[in-house]
Amino acid sequence: MKMNHNRPEWYIARSLRVLIGQRKDLRWVVLWLGGLSGVWLWDTFFLNPLAYELIRSAIANTFYGALAAVALSLSIGWALGIALHFLEERKSRGPHLALIFMMSLLRSIPQIVGLLIGYILLTWMIGQGILQSHASQILWMAFVISLFCSLEVIDLVTERIAYFRTLDYFHAMLCCGMKESRIINVDILWKSSRSHFLHKLVSLFGVAILLQCSIDFIVSVGLSSDVSLSNFPVTLGSLLAKLDSKQDILAMGSMVLDISYLPRILFQHLQGVTVAFVLVFTLVCIYQIADGLMKYYDL
Amino acid sequence: MSVLSYDISISKHNRSLVQIENFRLEENHITFLFGESGIGKSLIAKAVYGLLPPEELQISLNGEPYVEYCERNHTQEIQRNSFFVFQEPSTHLDPLLTLGAQVEEGTLPQKLRASGILERLWNTSDQELLDKILGVYPKPYRPSGGEKQRFLLVMAFLKIDLLLEQMDDHARTMFVFDEPSGSLDNHFRDVFLSFLLEKFEKRKFTTLLITHDYSIISAVRKADPNILKDISYKELSLGRKGLTLTDFMPDNYLKWLHGQKPLRMFFEAPLSPQPLLRVASGMEVFGRRLVLTNMRAWNKQSALEIHPYSMVYLKAPSGVGKTTFAKAIMGLLPARNLRVALKNLTLTEQTPRNIWRTRVWGKRMTITFQHADEALNQQSTVRGTLSGLPRHTMTEQEILQLMAEVFDCEIDDRFLRTKVRYLSGGQKQKLNLIRSLVLDTNILILDEPFNGLDFRSIVQVLDILKERQKAGKGILLISHNEEIFDAVVNPEQVYYISAVPISQEKKTASV
């Protein structure tokens with residue numbers, strides 16, 4: 001069949017082909033979405049409905065939590081970065097030092113320990129009946145994760161402001177009577193640093209998934225006599241910690257000794273294999289996307 | 001006389017960078033190429049010389065692939081016999097080799113032969129000083145920009161001397177000087193030009209000299225009339241139809257220049273006893289005292305005063321501190337002994353930043369920085385560059401009218417949405433000026449306002465500045481382009497700035 005080169009679809013398809021061919025980040029986005037779709041299709045056909053539903057919820061909750069953590073990190077980081085700049089600029093020593101102290105304190109706490117404290121608070125709140133819905137529980141954990149991730153955003157904000165303040169365009173805009181807050185928020189951070197933020201947020205998305213799943217795996221032993229993993233929304237980490245998922249993953253070890261075991265892994269141990277695959281594959285893809293963005297934008 | 005003609009097309013990632021037909025160069029002629037910055041003059045010169053990387057760019061020259069063009073005997077002969085002086089000398093000198101070692105590199109002859117050229121371009125016979133320069137590694141701040149530029153010129157003259165020795169009148173040449181006077185003051189620029197013309201008189205060679213400095217025309221006109229017939233002036237311009245090369249009539253520039261008169265000569269403005277701006281001489285910045293003098297009293301310091309209806313010109317060789325001075329009076333640099341009086345407002349180094357922000361910047365005084373590339377946000381659009389300005393500025397309609405006047409074209413939505421980084425250097429400079437002009441402040445400081453502009457734009461911008469002056473504004477001009485400003489500014493309004501190291505001053509005082 002002859003292609004009609006005048007049709008807009010042809011141009012769109014061609015542009016996409018060229019774009020994906022040239023950009024590593026887009027290539028990996030397509031690969032990631034393709035991989036997840038492939039797993040979803042496979043599971044639709046071969047995974048039992050109960051496990052399928054569990055995996056669907058785990059993926060949805062994990063990604064929702066990670067996205068919320070990224071959004072909160074950006075908001076907190078941006079706001080505190082700006083606050084830090086203006087407190088220093090206006091020589092407000094006390095509040096500036098207090099903010100620096102708080103940030104240093106957060107930096108000194110290992111992230112996992114910080115998240116464990118977050119879970120303890122979550123357990124207490126569930127016990128008190130404060131956070132009942134799964135959505136609000138995920139949001140709480142996303143907030144705790146974002147407290148640690150936002151430090152990186154603050155660093156980025158202050159670094160970008162410090163860099164642009166040395167350039168003439170900052171002074172040129174000031175001398176034209178533009179408000180400093182506008183120059184910083186619109187010109188420096190929005191117009192001139194979007195690619196840096198995009199790269200940082202993609203990386204933080206990966207960090208948030210890793211942290212969320214690591215902590216869920218750790219707390220799978222339970223947190224109190226009243227609150228256990230079953231009270232929390234299911235995530236890829238908590239699903240991985242389930243006994244049947246662990247057995248599925250152990251089954252992969254059998255495949256090393258006996259390759260004929262492979263079909264059973266793909267059809268009978270799908271729950272654990274899917275969780276492990278989605279986790280590892282997502283983290284690899286995010287790493288590659290971030291790397292591609294860094295190269296594309298020459299960061 | 002044969003004419004070299006080139007059809008050049010250069011693109012990157014399918015985006016056209018340069019597209020020009022019939023770019024003509026007369027062989028064994030000196031061609032001065034003018035034109036606004038950023039439209040592709042350097043790229044064209046590099047393409048013709050065979051210097052562009054064919055693996056990174058899609059280049060076609062006279063319809064043939066660039067690799068083939070570079071391999072042609074004609075191109076290789078040019079490269080063998082000639083020299084390319086790059087616009088930015090810092091990036092073209094090896095920081096790990098002394099300047100003396102770099103003079104002996106490649107096809108360049110031995111150092112000893114360079115000493116005569118060095119003496120000429122440094123205007124000195126002090127061998128100790130010249131040896132010192134040859135022993136220097138070209139680090140960012142040493143030698144100075146002017147010295148680096150002169151060093152590349154030394155290399156070019158060495159190649160010219162080699163050519164003169166060859167006694168081969170048919171050897172093909174193409175010496176390219178890309179903005180050779182960009183970092184030179186007028187004195188050293190004239191030294192270079194006279195030396196070049198001297199060599200040219202001995203043996204004609206093809207020379208392409210790219211510049212924005214129209215005042216070079218007056219300097220060249222002083223040369224021997226026998227040489228003048230071998231000198232041509234061309235202008236590259238970017239219009240709606242793309243790049244075009246036209247002959248530039250030097251008489252047009254000279255006629256315009258001689259027709260310029262200081263505004264006060266024919267416009268009797270009511271002189272207010274109180275100046276709009278008064279800056280005391282003697283501020284201390286970066287370990288130097290900046291001293292101001294004026295023709296009214298050469299032997300003593302004088303405060304810089306800008307009255308309504310006046311245009312003041314601040315002069316100094318490059319590197320003395322004109323821009324530093326401007327930044328200091330705008331409160332952008334920490335300066336000791338800063339005394340700035342703006343009618344009923346006195347500003348010193350102790351003045352809180354908040355005062356500058358609320359009462360000075362964009363309200364009473366503004367500045368246009370010299371490098372538009374650095375002064376504008378490249379990621380912003382044309383519209384975005386002009387948004388966020390204080391509310392007392394012009395209406396949108398008035399801004400569009402001013403833009404149409406400065407850009408000399410109709411301003412449509414597409415242009416307003418164009419990103420600054422896609423504008424040519426000249427367009428960026430115009431946008432840079434417009435951003436200050438729309439504020440309509442009483443004091444307007446312009447640092448090298450004609451940087452990167454073509455002659456037509458210079459005339460337009462100067463007309464707008466005169467209009468502002470007639471409207472009662474005070475304008476402070478900072479530039480090394482003395483010829484034009486000397487013509488339009490009243491001699492009494494010309495100030496000279498000199499820098500005295502404070503350590504030296506203290507030593508003298510103690511003695």
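Residues numbered from 1 in each chain as written. Chains lettered and ligands numbered in written order. Predicted model: local features only at pLDDT ≥ 70, side-chain atom pairs only at ≥ 80, totals over all residues.

## Topic: the domain arrangement of chain B
How big an interface is tends to be expressed through the accessible area that disappears when the partners come together.
Residue and element names in this part refer to chain B.
Move 1: Structurally, chain B comprises domain 1 (3-258) and domain 2 (263-510).
Move 2: Between the C-alpha centres of domain 1 and domain 2 the distance comes to 32 Å.
Move 3: Between domain 1 and domain 2, the residue contacts involve 22 residues of the former and 19 residues of the latter.
Move 4: Among the secondary structure elements, those contributing two or more residues to the side of domain 1 that touches domain 2 are strand 9 (231-239) and helix 11 (250-258).
Move 5: Within the side of domain 1 that touches domain 2, the residues separate by chemical class into 7 nonpolar, 11 polar and 4 charged. (Domains from an automatic or database assignment. Contact = placed C-beta atoms within 7 Å. Helix = DSSP H or I, 4+ residues; strand = E, 2+ residues; numbered from the N terminus. Nonpolar A, V, L, I, M, F, W, Y, C, P; charged D, E, K, R; others polar.)

## Topic: unusual backbone geometry
Move 1: Not every positive phi belongs to a glycine, and A:Lys91 is a case in point at roughly 55°.
Move 2: Tracing the sequence through the fold places A:Lys91 in the loop between helix 3 (49-89) and helix 4 (93-108).
Move 3: Overall, the presence of 9 C-beta atoms within 10 Å leaves A:Lys91 in the exposed class.
Move 4: Unusually for a residue other than glycine, B:Lys343 sits at a positive phi of about 50°.
Move 5: By secondary structure assignment, the location of B:Lys343 is in the loop between strand 16 (340-342) and strand 17 (345-347).
Move 6: Here B:Lys343 falls in the partly exposed class, since 14 other C-beta atoms lie within 10 Å of it. (Buried ≥ 20, exposed ≤ 12 C-beta atoms within 10 Å, placed from the backbone.)

## Things to note about the interface of chain A and chain B
Move 1: Facing 15 residues of chain A, the contacting portion of chain B comprises 21 residues.
Move 2: Among the secondary structure elements, those contributing two or more residues to the side of chain A that touches chain B are helix 7 (168-175) and helix 8 (180-191) of chain A.
Move 3: Take the side of chain A that touches chain B: its biggest share by element is 6 residues, from helix 7 of chain A.
Move 4: Across the side of chain A that touches chain B, the residue classes break down as 8 nonpolar, 3 polar and 4 charged.

## Points about the packing of helix 6 (residues 134-165) of chain A against helix 8 of chain A
Residues and elements named next belong to chain A.
Move 1: At a minimum axis separation of 10 Å, helix 6 and helix 8 run at an interaxial angle of 95°. The pairing of helix 6 with helix 8 is recorded here as roughly perpendicular in orientation. Where helix 6 abuts helix 8, its residues Val 157, Arg 160, Ile 161 and Phe 164 lie against Ile 184, Ile 188 and Leu 189.
Move 2: Among the residues making up the contact of helix 6 with helix 8, the classes are represented as 6 nonpolar, no polar and 1 charged. (Axes fitted to C-alpha atoms, helices over the stretch in contact; angles between N-to-C directions. Parallel < 35°, antiparallel > 145°, perpendicular 65-115°, else oblique.)

## Here we look at the sheet that holds strand 16 of chain B
Residues and elements named next belong to chain B.
Move 1: On the basis of which strands lie adjacent, the open sheet formed by 4 strands has the order 14-11-16-17 and antiparallel pairing. Pairing within the sheet leaves two strands with one partner each, and these edge strands are strand 14 (304-306) and strand 17. Within the sheet, the average angular offset between the axes of one strand and its neighbour, ignoring direction, is 10°.
Move 2: Relative to strand 14, strand 11 (residues 277-279) runs antiparallel, the two being bridged by 3 bridges. Bridge pairing links Val 279 to Leu 304 in strand 14. (Pairing = 2+ DSSP bridges.)

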